Amino acid sequence: MYNFPIGIITDSFRTTAAEAIKKAAKCGANGVQMYATRGELAPETMTAEKLSEIRNLLADNGLKVSALCGDLGRGFGNAELNPGLIEKSKRILELAKEFGTNIVTTHIGVVPEDSNHERYKIMQAACYELAEFADSMGSHFAVETGPETPEILKGFLDSLGSKGVAVNYDPANIVMVTKADPVKGVYTLKDYIVHTHAKDGINIYYKNPELVYRVIPHIVEDENPEHTGPSYREVPLGTGSVDFKNLLKAYEEIGYKGFLTIEREVGDDPAKDIVTAAEYLRNIIAEN
């Protein structure tokens, strides 16, 4: 039998952190991932009293923190903005340690295919600094997959010469944006995966990832008349294009033992979808 703990992103419940923690426990989860970029859990607003309160609540509900989310919504492709974004990211990594985890997930932007691209070098410089800081703490900034293919991301990470910047593997993003094979991608990124998101989705039509993530909003949109509306759709776990049975098999084969953290960003009743997703994952785990 597989031995993957199941986590849930607290924001997916669309309630307070305290209530989300209780709901996650009722779902039978082993842990939670919490956003630390805004509101009550941001480093600049966190107090010793609040930290103690949340840690006690987690302990009372038998939950660990799988990771903190440190996505600041901009990536690291702008040299002028990077100093402030890097410093806040460091504070989030320090806060993560206070919660007993050494993982902060983030988006770094869309890695250009051409390593000589100016934005590639800007992102590389930022990630060098982040990796050095993470290494000093025995931690990881885990880059979420999807904005580029696993092969391009691997090449970028290899250039850093460090595991301080690693991977938060989101198979749905890979399917929805790049249309790559997320099972194959596990083997490509096997040396870097430290955390995963359990999410599902479908691609409706291919759209330049730099448009999807608004890196190049000035580029003319696809003129195909059939390519109107969203280019992808997130769907409940087990109803999309992600082959979770073979995905978990791939995780097992590369020796990954970390969390499968359920993320549900859309839907009329995400709480219901989370319960279904947890049961879906437990069934696959029990069968293997």
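For the structure itself, consult the block above.
To start, this report covers the structure provided alongside it. This structure is a prediction, so every number in the text was calculated from the model and none was measured.

Relative to the elements of secondary structure, Leu 153 occurs in helix α5 (residues 150–160). Measuring from C-alpha to C-alpha, the distance between Leu 153 and Val 110 comes to 9.2 Å, with 43 residues separating the pair along the chain.

Time to look at the pattern of salt bridges. For the structure shown, the criterion picks out 20 salt bridges. The shortest N-O distance in the salt bridge between Glu 40 and Lys 50 comes to 2.9 Å. In this pair, Glu 40 sits in the loop between β2 (31–35) and α2 (48–60) while Lys 50 sits in helix α2, placing the two residues 10 residues apart along the sequence. When its relative accessible area of 34% is taken as the criterion, Glu 40 is described as partly exposed. Since its relative accessible area comes to 21%, Lys 50 is described here as partly exposed. If you follow the salt bridges from partner to partner, you end up with Glu 87, Lys 90, Arg 91, Glu 94 and Glu 129 in one network.

Two numbers describe a pair of aromatic rings. These are the distance of the centres and the angle of the planes. Inspection of every chain in the model, using the stated rule, returns seven aromatic pairs. An angle of 80 degrees between the planes, with centres 5.2 Å apart, marks the rings of Tyr 120 and Phe 156 as edge-to-face. With Tyr 120 in helix α4 (residues 118–137) and Phe 156 in helix α5, the pair connects residues that are 36 residues apart, well separated along the chain. Tyr 120 sits in the buried class, given a relative accessible area of 7%. Pairing Phe 244 with Tyr 280 gives two aromatic rings, centres 6.0 Å apart and planes at 90 degrees, and the pair type is edge-to-face. Of this pair, Phe 244 sits in helix α9 (residues 244–254) while Tyr 280 sits in helix α10 (residues 270–287), and the two are 36 residues apart along the sequence. For Phe 244, a relative accessible area of 1% puts it in the buried group. By relative accessible area, Tyr 280 is classed as partly exposed at 26%. A connected cluster of aromatic rings, assembled from ring pairs, spans Tyr 2, Phe 4, Tyr 169, Tyr 251 and Tyr 256. Arg 38 extends its terminal NZ or CZ atom over the ring of Tyr 35, reaching a point 4.6 Å from the ring centre. In this structure, Lys 163 packs its charged tip against the face of Tyr 192, placed 5.6 Å from the ring centre.

Attention now goes to the sheet that holds strand β4 (residues 103–106). Ordered by their spatial adjacency, eight strands build a closed barrel running β1-β2-β3-β4-β5-β6-β7-β10, and the pairing between neighbours is parallel. Averaged over all pairs of adjacent strands, the angle between their axes in this sheet comes to 30 degrees, without regard to strand direction. Sheet topology places strand β6 (residues 165–169) next to strand β7 (residues 193–198); three bridges connect them, and they run parallel. Directly across from Tyr 169, in β7, lies its bridge partner Thr 196. Lying over the sheet, α9 contacts β6, β7 and β10 (260–262), oriented at roughly 165 degrees with respect to β7.

Turning next to empty space enclosed by the protein. Applying the stated criterion across every chain yields a total of one cavity of 30 Å³ or more. If you add up the space inside the largest cavity, you get close to 60 Å³. What lines the largest cavity is a set of 13 residues, among which Leu 237, Ile 262, Glu 263, Arg 264 and Ala 277 lie closest to the centre. Broken down by secondary-structure element, the contributors of at least two residues to the lining of the largest cavity are β9 (232–235) and α10. A breakdown of the residues in the lining of the largest cavity according to their chemical character gives seven nonpolar, no polar and six charged.

Another aspect to go through is the nonpolar core. One finds Met 34, Leu 68 and Phe 99 to be the most contacted residues of the largest nonpolar core, which totals 76 residues. Here this core gets eight residues from one element, more than from any other, and that element is α4. Apart from the residues within four sequence positions on either side, Met 34 is in contact with Thr 10, Ile 21, Leu 41, Ile 54, Leu 58, Val 65, Ala 67, Leu 68, Cys 69 and Phe 99.

Let's shift gears to the environment of Gly 255. Among the secondary structure elements, Gly 255 is positioned in the loop between α9 and β10. When the C-alpha positions of Gly 255 and Asn 61 are compared, they lie 28 Å apart, and in sequence the two are 194 residues distant.

What follows is about the packing of α9 against α10. Here α9 crosses α10 at 55 degrees, and the two axes come no closer than 10 Å. Put simply, α9 runs oblique to α10. Here α9 runs over α10; the crossing is right-handed. Across the interface between the two elements, Phe 244, Lys 245 and Leu 248 from α9 touch Tyr 280, Leu 281, Ile 284, Ile 285 and Glu 287 from α10. Each residue belonging to the contact of α9 with α10 can be placed in one class, and the counts come to six nonpolar, no polar and two charged.

How each quantity is defined
Residues numbered from 1 in each chain as written. Predicted model: local features only at pLDDT ≥ 70, side-chain atom pairs only at ≥ 80, totals over all residues. Heavy atoms only, no water. Helix = DSSP H or I, 4+ residues; strand = E, 2+ residues; numbered from the N terminus. Salt bridge = Lys/Arg side-chain N within 4 Å of Asp/Glu carboxyl O. Buried < 20%, exposed > 50% of the residue type's maximum accessible area, 1.4 Å probe, protein only. Phe/Tyr/Trp six-rings, centres within 6.5 Å; stacked < 30°, edge-to-face > 60°. Lys NZ or Arg CZ within 6 Å of the ring centre and 35° of its normal. Pairing = 2+ DSSP bridges. Axes fitted to C-alpha atoms, helices over the stretch in contact; angles between N-to-C directions. Contact = heavy atoms within 4.5 Å. 1 Å grid on protein atoms, 1.4 Å probe; cavity = no way out; pocket = protein on both sides within 12 Å on 5 of 7 lines; lining within 4 Å. Points joined across faces, edges and corners; volume = space filled by probe spheres on them. Nonpolar A, V, L, I, M, F, W, Y, C, P; charged D, E, K, R; others polar. Core = buried A, V, L, I, M, F, W, Y, C linked by side-chain atoms within 4.5 Å. Parallel < 35°, antiparallel > 145°, perpendicular 65-115°, else oblique. Left-handed = near helix turned anticlockwise from the far one by under 90°.

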